[in-house]
Amino acid sequence: MKKQFLPLMLLASAICSCSEKQPATTEPMITKTEIQVENGHFTPEIMHRLGKVGDPQLSPNYGKILYGVSYTSIEQNKGNRELFLMNADGTENVKLTSTPKSESNARWINDSQIIYMRGGKLYTATIEGSALKNEKEVAGAEGMEGFELSPAGDKIMFIKSIKAAQKPTDVYPDLDKSSGHTYTDLMYRHWDHFVEEVPHTYVASFNGSQVGAATDILAGDTANPETAEKKFELPTLPFGGLEQLAWTPDGKYIAYSCRKLAGRDYAFSTNTDIYLYNVETGATQNLTAGMMGYDTDPMFSPDGKQLAFISMERDGYEADKKRLFVADMEKVLANLDAKDFRGFMKELTTDYKYNVESIAWAPKGDKIYFNSCVNALTALFSVDVNKQVGLPIEDNEGTGYLPASYGAGITRITAPDAWFDFDGVSIIPNEIGEVETLITTNKCMLRPAEIVKVNPTTGEFAQLTNENKETLDKLDEPIIEQRWMTTVDGKKMHTWILYPPHFDKTKKYPAILMCLGGPQGTISQGFSTRWNYRLMAQQGYIVILPNRRGTTAFGQPWCEQISKDYMGLNMQDYLLAVDNMKKEPYVGKVAATGASYGGFSVYYLAGIHQNRFSALIAHAGIFNQEHMYMMTEEMWFPTFDNGGAPWDGTPQTNRHYGNSAHKLIKNWNTPILVTHGEMDYRVPVDQGMAAFNAARMMGVEAKLLLFPEENHWILKPQNSVHWNREFFAWLDKYCKE
């Protein structure tokens with residue numbers, strides 16, 4: 001997996017006009033180069049070489065945007081990230097860096113000076129016109145893994161990893177070559193690594209050239225003094241970053257999200273709380289004590305009088321509704337001895353049907369902007385902080401239409417016919433502090449993310465970057481449509497359909513059913529180098545993308561139905577989508593593919609599909625539910641979704657484990673490709689190996705593709721290209737006439 005606090009695609013780059021002498025290298029520098037396109041055809045190689053735009057940062061005067069672009073070399077099997085600068089209206093776009101190393105985490109110090117990381121070190125530089133000048137290494141910053149400056153720029157909080165496991169020499173000093181690992185509790189491995197270290201966040205003074213003596217925020221925790229020495233994580237693994245910590249505008253406090261549990265307790269709980277840390281004294285209060293689910297993403301209002309955060313209600317359920325709360329910080333600070341701060345909070349989304357993500361305060365503190373996936377599109381919204389609270393959702397069960405109202409004081413900004421996913425926003429105010437422009441990134445199934453500006457009143461948006469336009473203009477373009485299909489129980493299910501370029505209804509095309517992982521998640525308008533739907537369509541396939549039961553953009557009942565019903569309605573949703581599409585005269589042979597829970601879906605469908613599919617492909621799929629329960633790491637997930645452990649013997653667990661995919665192996669008769677990363681500790685590799693072995697034992701044609709250095713995802717460029725070549729070769733062999 002990626003470093004948990006840096007974005008996945010932030011890969012290497014460095015500065016061209018810097019004073020530091022760069023080391024010699026025999027490899028060509030990875031940067032943007034012309035991409036050759038033959039006959040309009042989109043390939044895995046082109047997909048990887050597209051620039052990946054991200055992390056736009058507005059200058060303090062709102063006049064400039066600093067951002068990064070990652071480029072990939074398939075030959076070198078790695079990437080490189082470079083920094084760019086443009087005016088806030090998209091004009092005068094220039095590349096600031098061009099060297100073999102990587103810049104990441106770039107932030108503004110003031111309107112002419114920036115700070116960024118490269119090669120594990122911290123640097124500052126001055127922007128002069130279109131160039132960086134006077135680059136200087138910051139002293140005392142060695143080993144940082146991510147940072148944020150305080151609003152005044154005089155302090156810095158940063159991440160470093162600390163030792164979390166016992167080494168052989170800790171017990172036997174003479175055995176310095178022993179590689180043994182000893183554990184006495186759960187969570188000894190996570191995602192793709194054995195837990196030898198955990199991240200901690202530190203705070204220190206910063207004078208522009210040097211980081212002062214650092215204090216571990218978790219040391220001497222006054223809210224949990226009896227557990228202060230335990231190896232908690234800050235931020236929370238495996239995906240938490242510095243977005244889980246926030247400065248007050250005066251820099252006196254930091255709010256942070258942390259799960260202060262370890263071992264077995266950690267493995268079974270999602271109870272992550274928001275803590276308030278006094279930077280000067282270290283005094284710490286748990287602001288969300290008694291709120292038992294995930295509490296995350298704290299953000300103070302510009303005047304510091306309010307604290308917004310996202311919260312799930314239930315412990316152990318990672319797909320619970322994401323609710324938006326606001327705490328009155330004047331009351332909190334006046335009552336720091338309180339044991340329960342919930343009386344100083346209000347929820348703004350009791351009447352909102354969907355999930356809240358990526359919050360941002362309006363300058364006056366009267367609104368909060370957020371994004372939210374609604375009917376398979378991630379749109380921008382705002383909510384009035386002073387709205388009427390406590391109202392119920394008008395129609396929580398219905399699907400297939402947009403609500404007449406999203407809730408009191410809640411406004412949708414981007415239009416329902418804007419088929420893009422929008423990310424979190426930065427705000428440009430006008431002279432009187434009103435929101436004038438929103439800056440964000442958006443993406444769709446046809447292109448990667450680009451920076452856009454959005455009108456907060458009309459929702460109209462304009463693209464500010466065109467990183468990949470030259471290449472995309474050379475490609476033939478698939479056709480996208482959405483359908484609402486009536487399910488076996490009379491509900492409406494959203495389904496995206498992609499058609500190959502130059503689609504002709506008089507011809508017949510093979511099709512791919514995509515089985516979503518999760519199982520909670522949504523197939524929206526994303527663009528990924530992992531599962532790329534445009535790439536599938538451009539190989540001549542119709543791509544069927546059902547948002548079956550368990551997806552998260554249609555209200556909590558639709559999402560939650562899948563829990564404890566893996567073999568039930570969601571499988572009928574898949575079969576229904578295929579049957580509906582097979583009624584079309586242009587649909588030929590169909591394959592089922594999927595990863596993780598989608599891999600389980602493929603394994604399960606292999607036993608029940610009754611010859612609907614001509615080929616199957618499962619990546620990182622769950623094959624044996626009983627064994628999976630005892631081999632995965634985050635135990636809260638299978639405990640909730642499965643209804644409990646295999647040995648509980650309840651009707652729910654008996655039904656769940658009694659319908660594991662491996663129990664249907666005698667029904668398998670369809671050629672299957674099984675792929676898996678050997679460093680996958682979420683769904684361990686033996687699940688894939690067992691599925692392949694069982695298929696061959698039953699005489700089913702099968703192929704096994706393993707990647708020793710990959711985790712739950714296939715990420716390295718050459719491994720990804722290899723995977724895609726095998727993927728399409730398998731489909732072509734069995735599905736193309």
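Residues numbered from 1 in each chain as written. Predicted model: local features only at pLDDT ≥ 70, side-chain atom pairs only at ≥ 80, totals over all residues. Heavy atoms only, no water.

Draft legend 1. Structural detail: the nonpolar core. Counting residues in hydrophobic clusters, the biggest one holds 124 residues, and the most contacted among them are Y533, I542 and W668. Not counting residues up to four positions away in its chain, the partners in contact with W668 are Y603, A606, G607, F623, A691, A695 and V700. If you look at the next biggest cluster of nonpolar residues, it comprises 19 residues, including I310, L324, Y354 and V356. (Core = buried A, V, L, I, M, F, W, Y, C linked by side-chain atoms within 4.5 Å. Buried < 20%, exposed > 50% of the residue type's maximum accessible area, 1.4 Å probe, protein only. Contact = heavy atoms within 4.5 Å.)

Draft legend 2. View of the state of the cysteines. For the coordinates displayed, the defined rule picks out 0 disulfides. With no disulfide partner, C444 has as its closest neighbouring cysteine sulfur the one in C373, 14 Å distant. Overall, the relative accessible area of 8% leaves C444 in the buried class. You can see C559 has no disulfide; the closest cysteine sulfur is in C373, sitting 11 Å from it. (Disulfide = S-S within 2.5 Å.)

Draft legend 3. Quick look at a nonpolar patch on the surface. On the surface, V171, Y172 and L175 cluster together to form a nonpolar patch covering roughly 280 Å² of accessible area. Tracing the backbone shows Y172 in the loop between α2 (168–171) and β13 (189–190). (Patch = residues over 30% accessible without salt bridge, like charges linked within 9 Å, V, L, I, M, F, W, Y side chains within 5 Å. Areas by Shrake-Rupley, 256 points an atom, 1.4 Å probe, with all protein chains shown as cover. Salt bridge = Lys/Arg side-chain N within 4 Å of Asp/Glu carboxyl O. Helix = DSSP H or I, 4+ residues; strand = E, 2+ residues; numbered from the N terminus.)

Draft legend 4. Region of interest: the sheet that holds strand β38 (residues 587–595). Read across the sheet, 8 strands follow the order β34-β35-β37-β36-β38-β39-β40-β41 without closing on themselves; strand pairing throughout is mixed. Taken across any chain shown, the strands that pair with only one partner, and hence form the sheet edges, are β34 (479–486) and β41 (702–707). Taking each pair of neighbouring strands and ignoring which way they run, the sheet shows an average axis angle of 20 degrees. Where strand β36 (residues 509–515) meets strand β37 (residues 542–546), 3 bridges bridge the pair, whose relative direction is parallel. Looking at β37, one finds that I512 is bridged to V543. Strands in contact with helix α13 (residues 685–697) are β40 (672–677) and β41; relative to β41, the strand with the most contacts, it is inclined by about 160 degrees. (Pairing = 2+ DSSP bridges. Axes fitted to C-alpha atoms, helices over the stretch in contact; angles between N-to-C directions.)

Draft legend 5. Spotlight on the packing of aromatic side chains. In this structure the tally under the stated criterion is 44 aromatic pairs. Measuring from ring centre to ring centre gives 5.4 Å for Y597 and F600, while their planes differ by 40 degrees; the resulting arrangement is tilted. Placement of both Y597 and F600 in helix α9 (residues 597–606) is noted, with a separation of 3 residues, approximately one turn of the helix. Like Y597, the residue F600 is buried in the burial classification. Plain terms: the ring middles of Y603 and W668 are 5.9 Å apart, the flat faces sit at 20 degrees to each other, and that makes the pair stacked. Taken together, the residues Y603 in helix α9 and W668 in the loop between α12 (651–658) and β40 connect sequence positions 65 residues apart. Given the relative accessible area of 0%, Y603 is considered buried. (Phe/Tyr/Trp six-rings, centres within 6.5 Å; stacked < 30°, edge-to-face > 60°.)

Draft legend 6. Expanded view of α12. If you check which residues of α12 are buried, you get T653, H656 and Y657. Along the axis of α12, the buried residues cluster in a sector spanning 85 degrees; they form a single face. (Arc of directions from axis to C-beta.)

Draft legend 7. Highlighting the packing of helix α8 (residues 569–582) against α9. Where α8 contacts α9, the axes come no closer than 11 Å and their chain directions differ by 75 degrees. The angle between α8 and α9 places the two elements in the roughly perpendicular class. Contacts between α8 and α9 involve N570, M571, Y574 and L575 on the former and, on the latter, Y597, F600, S601, Y604 and L605. Here the residues of the contact of α8 with α9 sort into 7 nonpolar, 2 polar and no charged. (Parallel < 35°, antiparallel > 145°, perpendicular 65-115°, else oblique. Nonpolar A, V, L, I, M, F, W, Y, C, P; charged D, E, K, R; others polar.)

Draft legend 8. Fine view of the sheet that holds strand β19 (residues 273–278). The strand order across the open sheet formed by 4 strands is β17-β18-β19-β20, and the pairing between neighbours is antiparallel. Sheet topology places β17 (245–247) and β20 (284–286) at the edges, where each strand pairs with a single neighbour. Taken over all neighbouring pairs, the strand axes of this sheet differ in orientation by 20 degrees on average, direction set aside. Pairing between β19 and β20: 3 bridges, direction antiparallel. Each bridged residue has a counterpart across the sheet, and for L276 the counterpart in β20 is Q285.

Draft legend 9. Representation of the side chain of S311 within the structure. Relative to the helices and strands, S311 is located in strand β22 (residues 306–311). Since its relative accessible area comes to 0%, S311 is described here as buried. Within polar-contact distance, the side chain of S311 engages the side chain of D295 at 2.6 Å. Excluding residues within four positions of it along the chain, S311 makes contact with M291, Y294, D295, K321, K322, R323 and F325. (Polar contact = N/O pair within 3.5 Å; in protein donor to acceptor, adjacent residues only side chain to side chain.)

Draft legend 10. Layout of the pattern of salt bridges. Applying the stated criterion across every chain, the model contains 30 salt bridges. Between D489 and R549 there is a salt bridge whose closest N-O contact spans 2.9 Å. With D489 in the loop between β34 and β35 (492–499) and R549 in the loop between β37 and α7 (556–560), the pair connects residues that are 60 residues apart, well separated along the chain. Its relative accessible area of 36% is what places D489 among the partly exposed residues. For R549, a relative accessible area of 2% translates into the label buried. We note a salt bridge from R549 to D573, for which the minimum N-O separation is 2.9 Å. In this pair, R549 sits in the loop between β37 and α7 while D573 sits in helix α8, placing the two residues 24 residues apart along the sequence. Of the two residues examined, R549 and D573, each falls in the buried class.

Draft legend 11. Molecular detail of the environment of N430. Within the secondary structure, N430 sits in the loop between β30 (426–429) and β31 (435–444). With 67 residues separating them in the primary sequence, N430 and P363 have C-alpha atoms 9.9 Å apart.

Draft legend 12. Highlighting the environment of F84. Note on placement: F84 falls in strand β4 (residues 78–87). Since its relative accessible area comes to 8%, F84 is described here as buried. Distance from F84 to V94, taken between C-alpha atoms, is 5.7 Å for residues 10 residues apart in sequence. Leaving out residues up to four positions away in the same chain, F84 has contacts with I65, L66, Y67, V69, Y71, N93, V94, K95 and L96.

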